Amino acid sequence: LLYVCRVTPIVNGNPTSVIPMRVFSLADPLNPVLLYEGPNGITEVHDIWVQNNIAYLNCGFDGLRVYNFSNPSAPQFIQNLTFYQHQGYNHQGALTPNGKKYVFADETNGKPVKFAQVNDNHQIQIQHYLGVNTINNSIPHNIMCTDEFAFVAYYNEGLRIFDIQNSPREVAHYDTYSQESNFKMHGAWGVYINLPSKRILVSDIQSGLYVFDF
């Protein structure tokens, strides 16, 4: 399956209205088949995390939704988290490999990272909020997780690593953006942790690619 977020179809060379997301079958990868588009009632799906057919949809200012895509043509609704503390633009999140914790971020000045438990029905409950330099309006961006740690590309604040085994706490960091700026969307943009070497990759908008050992 191919999950595509925030789709703007082009018809006769002209962009049409945004579709929140689409799902395609890649059984024939040269001829993808559209299986689903939606969900209704929201403006966009900015990002998505799918694991064992359970999809966590980051829906911008419409919050977060959870669906079961075991039948991708007719996904089953699980949860709608429309309002929550420290809400902003729901940007991206990551599920731990064991499926027990979900960590997500709102790409909005001064909003902390959200650390949530996931129950047996795949519903999330936010239990902790933890941010870096939120008093100066810092912004978290992209997240990846192991069962033990959350790795956050935190824009101006660089790479931030949180121990999530019990109550989350920051255990390591590296500031890839050493300058200070009133604009809080410089610096660490992306993070990747699934290399066989266990190295961590961080892409910084201003200063390039970093490779870390942790």
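Here, every reference points to the structure presented above.
Structural notes, computed from the coordinates. Residue positions within a chain follow its written sequence, with the count starting from 1. Only residues with pLDDT of at least 70 are given local features in this predicted model, and only at 80 or more are side-chain atom pairs given and counted; all residues enter the totals for whole chains, interfaces and linings. In computing side-chain properties, one takes all heavy atoms of the structure into account and sets aside hydrogens as well as water.

1. Regarding the nonpolar core
- Residues belong to one nonpolar core when they are buried, are Ala, Val, Leu, Ile, Met, Phe, Trp, Tyr or Cys, and are joined through side-chain atoms within 4.5 Å. Any residue under 20% of the maximum accessible area for its type is buried, any over 50% is exposed, and the rest in between are partly exposed; the area is computed with a 1.4 Å probe on protein chains only. Among the nonpolar cores identified, the biggest contains 28 residues, and Tyr56, Tyr102, Ile124 and Ile143 are the most heavily contacted of them.
- Every residue in contact with tyrosine 102, bar those within four places of it in the chain, is listed here: Tyr56, Asn58, Leu64, Gly93, Ala94, Leu95, Lys114, Phe115, Ala116, Val118 and Ile124. Any pair of residues with heavy atoms lying within 4.5 Å of one another is described as a contacting pair.

2. What to know about the pattern of salt bridges
- The salt bridge criterion pairs a side-chain nitrogen of Lys or Arg with a carboxyl oxygen of Asp or Glu, the two atoms within 4 Å. Enumeration over the complete set of coordinates arrives at 8 salt bridges.
- Linking aspartate 106 and lysine 114 is a salt bridge whose minimum nitrogen-to-oxygen distance equals 2.8 Å.
- For lysine 114, a relative accessible area of 0% gives the class buried.
- For glutamate 170, the salt bridge identified is with arginine 160, shortest N-O distance 3.2 Å. Remark: arginine 160 occurs in strand 16 (residues 159-163) and glutamate 170 occurs in strand 17 (residues 169-174); sequence separation between them is 10 residues.
- By relative accessible area, glutamate 170 is classed as partly exposed at 31%.
- Because the salt bridges share partners, they merge into one network encompassing Glu157, Arg160 and Glu170. Runs of E in the DSSP output that reach at least two residues are strands. Runs of H or I that reach at least four are helices, and both are numbered from the N terminus.

Limitation: the analysis is restricted to geometry and does not speak to function.
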